[in-house]
Amino acid sequence: MSERTFNGTERKKVLFLTNNENTLPLYHWISERADCSLYSEPLDLSGLLMFHPDILVSYNYKYMIPGDVIEAMHGNALNLHVSYLPWNRGSSPNFWSFIENTPKGVSIHKLAQKLDKGDVVFQKELFFDENKETFSSSYDTLQKEIMELFKANWEAILNGIYTPVVHPEKGSYHSNAQLAALRGKVDFSWDETIAIVKERLNRLP
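Rules used throughout
- For every chain, the first residue of its written sequence is number 1, and the numbers climb from 1 along that sequence.
- A pLDDT threshold of at least 70 governs which residues receive local features in this predicted model, and a stricter bar of 80 or more applies before side-chain atom pairs are shown or counted, although totals over entire chains, interfaces and linings include all residues.
- The side-chain quantities take in all heavy atoms of the structure and omit both hydrogens and water.
- Exposure classes here rest on a 1.4 Å probe applied to the protein chains alone. A residue is buried below 20% of its type maximum, exposed above 50%, and partly exposed in between.
- The numbering of helices and of strands both runs from the N terminus, where a helix is a DSSP run of H or I of at least 4 residues and a strand a run of E of at least 2.
- Arc definition: directions from the helix axis to the C-beta atoms.
- Note on definitions: a residue-residue contact is assigned when non-hydrogen atoms from the two residues lie within 4.5 Å.
- DSSP calls a pair of strands paired once it identifies at least 2 bridges connecting them.
- The angle between two axes is taken between their N-to-C directions and runs from 0 to 180 degrees, where each axis is a line fitted to C-alpha atoms and a helix contributes only its stretch in contact.
- Put simply, buried Ala, Val, Leu, Ile, Met, Phe, Trp, Tyr and Cys residues joined by side-chain atoms within 4.5 Å make one nonpolar core.

(A) Helix H1 (residues 24-31), seen in detail. Residues Leu26, Tyr27, Trp29 and Ile30 constitute the buried set of H1. Buried positions in H1, seen along its axis, are confined to an arc of 160° and lie on one side of it. The inward-facing, buried residues of H1 abut strand S3 (13-17), strand S4 (35-39), strand S5 (55-59), strand S6 (77-81), helix H5 (135-152) and helix H6 (154-159).

In structure tokens:
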């Protein structure tokens, strides 16, 4: 777990789970402030015990995290999700938030055995101009905002000082298969404006 630095203060150990290079700026930021290890393979309990982290951070990590790993972290396992939970759990949250006209934003929540259903600890709602924004540009904004949300609350995250909010039953969930099925009917580019893509989708019979 935590190690002492030369001046006697604790340097926490963080295990950072990711499979996407766009998360690396946050990994490097954390590494300047904690003993942070990067991990991109499926994680099981034996793997967790190799690191003995104080905090587990999952950000754009494609593997399901087993229940025994979550339990072993005693509430100190967090996931970064680019949606305004409980809306748009699962895959492609940014896309579905526009298609279904649901709230948009970023959320940091505790890991739970049900995907993206852990208690929310920090959250920020965002607003976009669909006539100017593309799915790519809005996605980039969400990535920037969730990293800034994490940084702004770093001390609270480090020390576990926050009040989680239990998920209400409402919300939405989407799978990769749903997006594939939609694109099979109407293809589009992530760099087209959101308004143009929505207009095309609205013409579907």
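(B) Representation of the sheet that holds S4 in the model. If you trace the six strands from one edge of the open sheet to the other, you get S4-S3-S5-S6-S8-S9, paired in mixed fashion. If you trace the sheet from one side to the other, it starts and ends with S4 and strand S9 (120-126), each paired once. Sheet twist, expressed as the mean angle between neighbouring strand axes with direction ignored, is 15°. As defined by bridge partners, strand S8 (residues 104-110) adjoins S9 across six bridges and the pair is classed as antiparallel. Bridge assignment links Gly105 to a residue of S9, and that residue is Glu125. Against the sheet, H1 makes contact with S3, S4, S5 and S6, and its axis sits at roughly 150° relative to S4, the strand it touches most. H5 rests against S5, S6, S8 and S9 of the sheet, and its axis sits at about 40° to S8.

(C) The arrangement of the nonpolar core in detail. Ranked by size, the top nonpolar core spans 41 residues in total, and within it Leu26, Ile30, Ile108 and Phe150 carry the most contacts. When residues of this core are assigned to their parent elements, the largest contribution, six residues, is made by H5. With near-sequence residues (within four places) excluded, Leu26 lies in contact with Phe16, Tyr59, Leu80, Met147, Phe150 and Lys151. Counting 14 residues, the second-largest nonpolar core is a separate cluster that includes Tyr39, Leu48, Tyr61 and Val69.

These results come straight from atomic positions and should not be treated as a statement about function.
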